[in-house]
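Working through the structure, step by step
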Amino acid sequence: RSISDRGMRYTVVLSDGDAKTLDHLNKIKVYPEVTIEKKECLNHVAKRLGTALKNTVKYWSSRGVTLGGRQPGALKETTIEKLCSYYRKAICDNTPNVPEIKKAIDATLSHYMSSDSKPQHEKCPQGPTSWCFYNKGLAEGKRPSHDNMKVTLSELVVSKIMPCYQRLTDTSLLKRCTKKTQNANESVHSVIWNKCPKEVFISKFKLELAVVKAVADFNMGCAKTQEVSHV
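Residues numbered from 1 in each chain as written. Predicted model: local features only at pLDDT ≥ 70, side-chain atom pairs only at ≥ 80, totals over all residues. Heavy atoms only, no water.

**Brief notes about the pattern of salt bridges**
Under the defined criterion, the tally for this structure stands at twelve salt bridges. For the salt bridge of R48 with E40, the shortest nitrogen-to-oxygen distance reads 2.5 Å. Of the residues examined, R48 reaches a relative accessible area of 25% and is grouped as partly exposed. Between K142 and E140 there is a salt bridge; the shortest N-O distance is 3.3 Å. Residue classification places K142 among the exposed positions, given a relative accessible area of 52%. Several salt bridges share partner residues, and in doing so they unite K38, E40, R48 and R176 into one network. (Salt bridge = Lys/Arg side-chain N within 4 Å of Asp/Glu carboxyl O. Buried < 20%, exposed > 50% of the residue type's maximum accessible area, 1.4 Å probe, protein only.)

See below:
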């Protein structure tokens, strides 16, 4: 109906994970002359890395190999969060240049695997404005030390998580990444669940009331909603 009612076609689907709807629409050729493309939500792609890293820690733990813990270079929860943030930033800053995205992602791993005896900052940005403290220090004529690095990764950890990075730096995946996200939908969902928690059973009437109130607050703001409700 998009053509008959609006005179337009939906040529791109922004989704996360498996998009069965997209496959179905292309299969039935809803637009005979157009193949609908899939774009990946950047936030969800970054979350996939976090899930993959956590699963990797569990997998190797069941086989007697400890990747987590408090020892230096371990894959702690806070380290995983930072790696996901760096992964997301690398995509966001370099989209749609896939080779540069891959280079930036690889740089994060080699950067945090570096030490004074074995610096590995060749892939990090050069010059005094670089986010890499080592290359920035060299550009300023200093002798930077790795002693104060808050995030470090051992070579063992990097070797075990490399398959995750190889899978999530696949060229076809990175080409589908976009700076657009589904946060608008997720935000309204959070407003609804704040007024109507999932864990508590309520009647259908209360559920409908919570949805209507949440949508009004989301679209107009709480103050405007109060004005309208008192009219």
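**A look at unusual backbone geometry**
Here T95 and P96 are connected by a cis peptide whose omega angle stands at 10°. With respect to the helices and strands, the residue P96 is situated in the loop between helix 4 (77–94) and helix 5 (98–112). Backbone geometry places K29, a non-glycine residue, at a positive phi of 55°. Note that K29 resides in the loop between helix 2 (20–27) and strand 2 (37–41). On the basis of relative accessibility, which here comes to 54%, the residue K29 falls in the exposed class. (Helix = DSSP H or I, 4+ residues; strand = E, 2+ residues; numbered from the N terminus.)

So, to be careful, I would describe these as geometric facts and stop short of saying anything about function.
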